[in-house]
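Observations on the model geometry
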Amino acid sequence: MSTFSAAAVSGLPDGVPTPGAAASSGLPDWLQAPGAAAMSGLPGGLRPPGAAAVSGLPDGVRAPGAAASSGLPDWLQAPSVVAVSGLPDGVRVPDSAASSGLPDGLQAPGAAAMSELPDGVPTPGAAAKSGLPDEAAIPGATAMAGLPDVAGTSDAATDSRLAEAEPAVWRPDPVAVRGTRIVRFAQWLVDQGRAPLDDVSDYRALHAWSVSEPGDFWAAVAEFFAVDWDAQPRTALAERTMPGTDWFPGGTLNFGHHLVRAGADDQNAVVLVGEGGVRETLTYAQLREQSAAVAGHLRALGVEPGDRVAAYLPNCIEGVVAFVATAMVGAVWAQTGLDYAAPSAAERMAQLSPRILFAGTGYRFGGKVHDRRAEARKLRTLLPGLEHTITIETAGLSATDNAGAARVSDTVTAGTAGMSATDNAQTVHVSDPLTAVTANAEANVAPNPVSDANTAATDGLSDAVTHGVTGLSGPRSVGSAAVSSTDNRGIAGVSDTVNAATARLSVTDDADAAHVSKTVAVGSAGLSVTDNAEAAHVGDTSGTWAEALAGEPVRGSLSVGFGHPLWVLFTSGTTGKPKGIVHGHGGVLLEQLVSPGLHMDLRASDVFFWYTTPNWMMWNAQVCGLLHGATIVLYDGRPTSPGTDALWRIVVDESVTVFGTSPGYLEASQKAGLEPGAGELRMVGVTGSVLPAGSNAWFRAAVSDRVQLGSMSGGTDICGIFVSSAPNTPVFDGEISAPALGAAVEVWTVDGQPAADGEAGEMVITAPMPSMPLRFWDDADGTKLRETYFETFPGVWRHGDLIERTTRGTYVIHGRSDATINRHGVRLGSAEIYAAVADLPEVVDALVVGVEEPGGGYWMPLFLVTKNDLDVEKVRQVIAERASRRHVPDEVIVVAGLPHTRTGKRLEVPVKRILQGADPARVIDRGAVDDSAALDALIEVARARRGALQHRGTERAGKL
């Protein structure tokens, strides 16, 4: 068994990748075909919605303000067939392969949290120092001094090993590799006698040990990064079974404490950059001071361990402070971006019955400030049990509305919540050219709650043991501000009644005693989306951010169990309400020490910028850069405003060393002919979708051939990475370098057998990881958790990605193997789209799928059955308002009927596979389908689509 000494090791861990996925900014190339010969022969079941034709426009250009185009794109043109393009007015068709929506990673403001790390975590690849700089040393920890030169290998041996037979496009410098944190970690393991590594620079050997001995590996991570345990754990891994793994039993700590312990007082902790030249900063000293004050304010408001604190904010410094404060008092954090409509935000957060809401007033996007004050007021009426709202003035908007109405008042009733259309920014950027289909950048936070009865276990809250905040080296003390003096190991029971006065968790000795009362108000469970919610009188009081900052500072952070809930991230809601994924303090801490600290080599001297929004787990991951003492950079704005080089300008202006983005943004930069150069960059992480090989080539030519471009993939499910690059792994175009440390990644066939190298199969994880979900919210007996991850292969995590392991041990992800819409890395819920269109009287039935296409393209069509003519603009507007602009489909195609199973279920997975080119006979049993003619119509759509894409590919090849 590994020991848990507090001796400081090579440096604080930090960081989590943040996919910056976003929809591409225009119609795909195959939609540009005015003048192309019409395709015919489609079944008569595809009928026109009755829109007027648009003529005389250049290829692929929609007429601004024009009614929906009168026919299916050329590839579907037939006398009996009419398609409607699903892009907002004024959206230009970029000359790009089948990609729709903003290019990858162009996350619109508040882009949905990718209910998964749509792909992974960032990975810095710079030469690291062996420990935190003196000024950032961990209090009370012995700094690691003078690690010897890397043993077990020589420069010649390293050169030989790195020079593999097949040419890589980027290889680590053998000398620089020796100074990286990951190699220092391997050397430390050898010196401590913990791992039998012959060559400490050999990544694959280190990975093999990490998954063969998961308990020893994660214990070593905790010691190497000098985790501050208040109570030492009895062991690292007491129970290895999945689900139900028991990590670090008896150990207590606090995640918030670790966020503020590392940086030097005068160093910038957070930098906010906004459109229009806005720039704000917060030093580590200010972060410590403000988070302690806000934590004190939360305690004064009665917030106890396990209580939920919700946020409806844009990217802002205050959001970071509020999160740190929430973690410090042991409360549970959840948030959505301000771009979410109030009903959509409530569909997630109402499940949690939050006691406190932090609400912003506006956000910047596309050269505009979007006023969200009315939506914030509306949200307050939809959150059962809400007791207090703290208003934060964001994007320069005061807490009063345009008409000078009183600031959010002491109490709010639905009838006076100010739900005026003018205050709703959901309609402001519908015609924004680049954000067209998904100007709402965050349709998929990493969110997705469920409903039932939830247990928010508080595993072993200690007797108010606190971490010193001032100076970070003071003795642990039991202050009067202590949150609780009882040991509560379970906060369960969400009843179906509403009682704002008792909708908070009381911490008691009885694990099941604390009953939370809340109203289930989502979808079939009852969440009304009407503007008139007269019955929902909300008695929450309101306050200001200034009042929160004036709180009596807490003396330290509450010590909680390793598995005490830290935050709730939400899934996409594909099959119903978004499920809330609950992660714990200890598991997130260890994962975020490894993914940015070892895979990206992030350290206190770094400036860490990953383009993301509060809806996506990458926001959480970027904030984790503070664990390593780095400076994190937030951006409030559109990634291509005022120009495509917007993010590259931030990289240069802020001297960014580790930059995270998406394949879409790199493609957009390439198409714009940018040559941004590297500046201070040493590593660029990419996630959110497949990185085309061509983007690697452009990056080497236009940015740098010495900077590592590391692709990675993971998920909101673990708020971390499964496959990634590392400072000591080569990069091959179009591939992900290796499995992540601690991730026992395998590729299995559908019958649970290992797939051969080069064969695509299900990505599975065969050994537990500490950041796997503690539970789903409202899933008391764990049924939903087991069904989601462990039902297909009992005891083995099935992630839902279709993945291939190459013969050289790298990975290629082919997309989702399930029906979840993963739009350039951002998971979207089809259920939210169905709920939106269901309100339209003309709509009889609907089916939406997301299709990964060759060359990195992504196509999201919405098939509708209607009973009369349909106004497509109305469909797009309803979806944007009820869900988000990210949910707006690339195309709306009206059909005579849709196939279902004989039990009435939608055939999302089979239809997706057919549209990807799979043989229908191998995908679906016609005997199990209720309407074969409707299935035939979709098969013809698939054939026409593939033919059009092949035709365009041939034309391009001819031009070359």
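Okay, so let's go over this structure. (Residues numbered from 1 in each chain as written. Predicted model: local features only at pLDDT ≥ 70, side-chain atom pairs only at ≥ 80, totals over all residues. Heavy atoms only, no water.)

**Observations regarding the overall build of the chain**
Keep this limit in mind: Helix numbering and strand numbering both begin at the N terminus, where a helix is a DSSP run of H or I of at least 4 residues and a strand a DSSP run of E of at least 2. Burial classification: accessible surface area is computed with a 1.4 Å probe over protein chains only, and a residue below 20% of its type maximum counts as buried, one above 50% as exposed, and the rest as partly exposed. By definition in these notes, contact holds between two residues if any of their heavy atoms fall within 4.5 Å. Using a 1.4 Å probe, accessible areas were evaluated by the Shrake-Rupley method; residue-level cover was limited to the displayed protein chains.
In terms of regular secondary structure, the chain is built from 22 helices and 40 strands. Buried positions account for 67% of the 960 residues belonging to the chain. Of the contacts made within the chain by residues no fewer than 6 positions apart, 79% connect residues no fewer than 24 positions apart. Just so you have it, the chain exposes about 29400 Å², and 51% of that area is on carbon and sulfur atoms.

**Remarks on the packing of aromatic side chains**
In plain terms, the rule: Two rings from Phe, Tyr or Trp (for Trp, the six-membered ring) form a pair when their centres sit within 6.5 Å of each other. Planes less than 30 degrees apart are called stacked, planes more than 60 degrees apart edge-to-face, and all others tilted.
The final tally for this structure, using the stated rule, is 30 aromatic pairs. When the ring of Phe 224 is compared with that of Phe 225, the centres are 5.1 Å apart and the planes differ by 85°; the resulting orientation is edge-to-face. Taking relative accessible area as the criterion, Phe 225 reaches 0% and is therefore assigned buried. Measuring from centroid to centroid gives 5.1 Å for Trp 748 and Phe 793, while their planes differ by 75°, and the two rings are edge-to-face. With Trp 748 in strand β29 (residues 745–748) and Phe 793 in the loop between α17 (783–790) and β32 (797–805), this residue pair connects regions lying 45 residues apart in the sequence. Assigned by exposure class, Trp 748 and Phe 793 land together as buried. Pairwise contacts between aromatic rings join Phe 185, Trp 188, Trp 209, Phe 217, Trp 218, Phe 224 and Phe 225 into one cluster.

**Concerning the pattern of salt bridges**
Our working definition: A carboxyl oxygen of Asp or Glu within 4 Å of a side-chain nitrogen of Lys or Arg is what we treat as a salt bridge.
A complete count under the given rule lists 20 salt bridges for this structure. Between Arg 355 and Asp 307 there is a salt bridge; the shortest N-O distance is 2.6 Å. Placement of Arg 355 in the loop between α9 (342–349) and β9 (356–360) and of Asp 307 in the loop between α7 (284–300) and β7 (308–313) is noted, with a sequence separation of 48 residues between them. Asp 307 sits in the buried class, given a relative accessible area of 0%. One salt bridge connects Asp 645 with Arg 649, and the closest N-O pair in it is separated by 2.9 Å. Connected via shared salt-bridge partners are Asp 307, Arg 355 and Glu 387.

**Re the pairing of β32**
Test applied: Paired strands are those between which DSSP finds at least two bridges.
Across the nine residues that make up β32, a large majority, seven, are buried. With five bridges joining them, strand β30 (residues 760–765) and β32 adopt antiparallel strand pairing. Bridging across to β32, Gly 761 finds its partner in Ile 803.

**Some details on α7**
Using the following cut-off: Each residue after the first adds 1.5 Å to the expected span of a helix.
The end-to-end C-alpha separation of α7 is 24 Å, in line with the 24 Å expected for 17 residues at 1.5 Å each. Burial within α7 is extensive, with twelve of its 17 residues counted as buried. Burial in α7 covers these residues: Tyr 284, Leu 287, Arg 288, Ser 291, Ala 292, Ala 293, Val 294, Ala 295, Gly 296, His 297, Leu 298 and Arg 299.

**Describing the sheet that holds strand β28 (residues 738–739)**
The three strands lie next to each other as β26-β27-β28, forming an open sheet whose pairing is antiparallel. Among the strands making up the open sheet, the edge pair consists of β26 (713–715) and β28. By the bridge criterion, three bridges tie β26 to strand β27 (residues 720–724) in an arrangement that is antiparallel. Bridge pairing in β27 links Gly 714 to Ile 721.

**Notes on the sheet that holds strand β25 (residues 708–711)**
Definition in use: Angles here are taken between N-to-C directions and fall from 0 to 180 degrees, while the axes themselves are lines fitted to C-alpha atoms, restricted in helices to the stretch in contact.
If you trace the seven strands from one edge of the open sheet to the other, you get β6-β5-β22-β21-β23-β24-β25, paired in mixed fashion. Here the strands that pair on one side only, and so sit at the sheet edges, are β6 (278–283) and β25. Put simply, the sheet's adjacent strands are angled 20° from each other on average, direction ignored. Packed on one face of the sheet, helix α14 (residues 646–653) meets β5 (268–274), β21 (607–610), β22 (631–636) and β23 (658–661) and runs near 150° to β22.

**Topic: the side chain of Glu 853**
To be explicit about the condition: Here a polar contact is taken to be a pair of N or O atoms separated by no more than 3.5 Å, where protein atoms must pair a possible hydrogen donor with a possible acceptor and residues adjacent in sequence count only if both atoms sit in side chains.
Relative to the helices and strands, Glu 853 resides in strand β37 (residues 851–853). For Glu 853, the side chain forms a polar contact with the side chain of Arg 945, separated by 2.6 Å.

**Regarding unusual backbone geometry**
What you tend to see is this: most non-glycine residues have negative phi, and most peptide bonds are trans. A cis geometry characterises the amide bond from Met 242 onward to Pro 243, with omega recorded as -10°. For the peptide bond that leads from Ser 641 to Pro 642, omega is 10°, which places it in the cis range. Positionally, Pro 642 belongs in the loop between β22 and α14. For Ala 226, which is not glycine, the phi dihedral falls at a positive 55°. Inspection of the secondary structure puts Ala 226 in the loop between α5 (214–224) and β2 (237–239). With relative accessibility at 1%, the residue Ala 226 sits in the buried group. Of note, the phi angle at Phe 248 is positive, near 45°, even though the residue is not glycine. Its location among the elements puts Phe 248 in the loop between β3 (246–247) and β4 (252–253). Since its relative accessible area comes to 1%, Phe 248 is described here as buried.

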